[in-house]
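# Results of the structural survey
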Amino acid sequence: MHKRKLFYAMCCLTAVLAIGCGKKDSTDTKNPEQVESQDTTKTDDENKSDTKNDTEQTDDKKEESEKTKSVMKIYSINMSSGEIQTEDVETDSLNEEKIWSLLQEKSVITPECGMNSFKVNEEEKTIDLDVDEGFGNYIRSMGTTGETEVLACVVNTYLDSFQCEKIKITEAGRTFETSGAVLAGYMTKQ
């Protein structure tokens, strides 16, 4: 008798599970005829127009995201070998502050180094970069090799990122002087 009750209980449990697992979502309970009649309320021209608008909006969004994405080549110094290395960084916006902060993150310049102003002349493909005294003091505190490497990283990063040919660095509006050189004019990629 005990085995029989167990058998019936197992059969009932299996039936409940089979029915419960086979049940569809309540959102799918529409009759297929109802779905068809709702879809046919739009004319073919309206459907084509909607599809065309959706496609155009999708294309516009893709173009906007591609336009706003920029790849910057950041130059930094490999601490192990002392050589200059590059890294491509994708960013949503290309601006001088973003580059400056990336140079700080890569330890090319210190957080005490600041930028006063930045101007790009697209016709002449030149950049005018005015830095603060913190940057000047940082550069002058290194040896000639350190100065050369840091300046090369800053110069090359800005020239590549803004696709320019020359950059002029000034300190607080005056001619920039390192411990071994006076940088009065424009510099090219190093």
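Refer to the structure above for everything that follows.
Residues numbered from 1 in each chain as written. Predicted model: local features only at pLDDT ≥ 70, side-chain atom pairs only at ≥ 80, totals over all residues. Heavy atoms only, no water.

### Observations concerning the pairing of strand β3 (residues 115-121)
Here is the rule we go by: In short, DSSP must find at least two bridges between two strands for them to pair. To qualify as a helix, a DSSP run of H or I must reach at least 4 residues; to qualify as a strand, a run of E must reach at least 2; elements of each kind are numbered from the N terminus.
Looking at chain direction, β3 and strand β4 (residues 126-131) are connected through 6 bridges and run antiparallel. Across the sheet, Val-120 pairs through a bridge with Ile-127, a residue of β4.

### A short note on helix α6 (residues 144-162)
The following threshold applies: Helices are assigned an expected span. That span is 1.5 Å times one less than the residue count. When a residue's accessible area, from a 1.4 Å probe over protein chains only, is under 20% of the maximum for its type it is buried; when over 50% it is exposed; and in between it is partly exposed.
Counted at 1.5 Å a residue, the expected span for α6 with its 19 residues is 27 Å, and the 27 Å between its end C-alpha atoms agrees. When you tally the buried positions in α6, you get 14 out of 19 residues, the bulk of the element. Positive phi shows up at Gln-163, right after α6, with a value of about 50 degrees.

### Observations concerning the packing of aromatic side chains
Where we set the bar: Aromatic pairs are defined between Phe, Tyr and Trp rings, using the six-membered ring for Trp, whenever the two ring centres lie within 6.5 Å; interplanar angles under 30 degrees are classed as stacked, those over 60 as edge-to-face, and all others as tilted.
Considering all chains together, one arrives at 5 aromatic pairs under this definition. For the pair Phe-118 and Phe-162, a centre-to-centre distance of 5.1 Å together with 45 degrees between the ring planes defines the contact as tilted. Taken together, the residues Phe-118 in strand β3 and Phe-162 in helix α6 connect sequence positions 44 residues apart. Taking relative accessible area as the criterion, Phe-118 reaches 17% and is therefore assigned buried. Given a relative accessible area of 19%, Phe-162 falls into the buried group. Residues Tyr-158 and Phe-162 carry aromatic rings whose centres are separated by 6.4 Å and whose planes lie at 5 degrees to one another, so their mutual orientation is stacked. With Tyr-158 and Phe-162 both in helix α6, this residue pair falls 4 residues apart, about one helical turn. Judged on exposure class, the residue Tyr-158 and its partner Phe-162 are both buried.

### Re the nonpolar core
Quick reminder of the rule: As used in this record, nonpolar core signifies buried Ala, Val, Leu, Ile, Met, Phe, Trp, Tyr and Cys residues forming a set joined through side-chain atoms within 4.5 Å. In this analysis, two residues are considered to be in contact whenever any of their non-hydrogen atoms come within 4.5 Å of each other.
Counting 34 residues, the largest nonpolar core has Ile-109, Phe-135 and Tyr-158 as the members making the most contacts within it. If you list the elements that add at least two residues to this core, you get β1 (70-77), α4 (96-105), β4, α5 (133-140), α6 and β5 (166-171). Not counting the four nearest positions on each side in its chain, Phe-135 is found in contact with Trp-100, Ile-109, Cys-113, Gly-114, Leu-151, Val-154 and Phe-176.

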